[in-house]
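What follows is the residue order along each chain.
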Amino acid sequence: MVGLRVATESGDRLGRVHDIRAELTPRTCKVTGLVVGRIGFLERLGFGAPGSGSRLRGHDVVPWSAVIRADRRGVVLKDGTKTR
């Protein structure tokens, strides 16, 4: 999924998937969100990561509940989806 284009139903481009957020339990791994946008790219490079000297203030995380479709063509989100 990393590297796929992210857009809304109406075609507004939000960037690319740079990372995936998930909750790990003893038996499962549940996807909770996708990191998109410039801040997500910087985080993927290590800026703002735990233990690094620089901390980023925000994350461009799109909740997984907003995903309509995710396949090799890209990720489509519900219209009006905002990052948190």
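The residue numbering used here restarts from 1 in each chain and proceeds along that chain's sequence as written. Side-chain atom pairs in this predicted model are given and counted only at pLDDT of 80 or more, local residue features only at pLDDT of at least 70, and totals for whole chains, interfaces and linings cover all residues. Heavy atoms from the whole structure form the basis of all side-chain values; hydrogens and water molecules are not counted.

Draft legend 1. Quick look at the overall build of the protein chain. Helix and strand counts for the protein chain stand at 1 helix and 6 strands. In the protein chain, the succession of helices and strands from N to C terminus is β-β-β-α-β-β-β. Looking at the protein chain residue by residue over its 84 residues, the buried ones come to 27%. Contacts: residue pairs with any heavy atoms within 4.5 Å of one another. The contacts of the protein chain with a sequence gap of at least 6 include a subset with a gap of at least 24, amounting to 37%. Areas reported here follow the Shrake-Rupley algorithm with a probe of radius 1.4 Å; residue values treat only the protein chains shown as occluding. When the accessible area of the protein chain is evaluated, it comes to approximately 5900 Å², of which 52% is carbon and sulfur surface. Each helix corresponds to a stretch of at least 4 residues labelled H or I by DSSP, and each strand to a stretch of at least 2 residues labelled E; elements are numbered beginning at the N terminus. Between buried and exposed lies partly exposed: a residue is buried under 20% and exposed over 50% of the maximum accessible area for its type, with that area taken using a 1.4 Å probe on protein chains only.

Draft legend 2. Here's a closer look at the sheet that holds strand β4 (residues 61-63). On the basis of which strands lie adjacent, the open sheet formed by 6 strands has the order β4-β3-β2-β1-β6-β5 and mixed pairing. Either end of the sheet is taken by a strand with one partner, and the two such strands are β4 and β5 (67-71). In this sheet, neighbouring strand axes are inclined to one another by 35 degrees on average, regardless of whether the strands run parallel or antiparallel. The pairing of strand β2 (residues 13-24) with strand β3 (residues 29-36) spans 7 bridges and is antiparallel. Bridging across to β3, E23 finds its partner in K30. When DSSP finds at least two bridges between two strands, those strands are taken to pair. Fitted lines through C-alpha atoms give the axes, limited to the stretch in contact for helices. The angle between two N-to-C directions lies from 0 to 180 degrees.

Draft legend 3. Broad picture of the pairing of β5. In terms of strand pairing, β5 meets strand β6 (residues 74-77) through 4 bridges, oriented antiparallel. By the bridge assignment, A70 is partnered in β6 with V75. The hairpin formed by β5 and β6 contains 2 residues between the paired strands.

Draft legend 4. Representation of the pattern of salt bridges within the structure. The term salt bridge refers to a side-chain nitrogen of Lys or Arg lying within 4 Å of a carboxyl oxygen of Asp or Glu. Using the criterion set out here, one finds 3 salt bridges in the structure. Its salt-bridge partner being D71, residue R69 comes within 3.0 Å of it at the nearest N-O pair. Exposure remark for D71: the relative accessible area of 23% places this residue in the partly exposed category. Residues D71 and R73 are paired through a salt bridge, measuring 2.8 Å at the closest nitrogen-oxygen approach.

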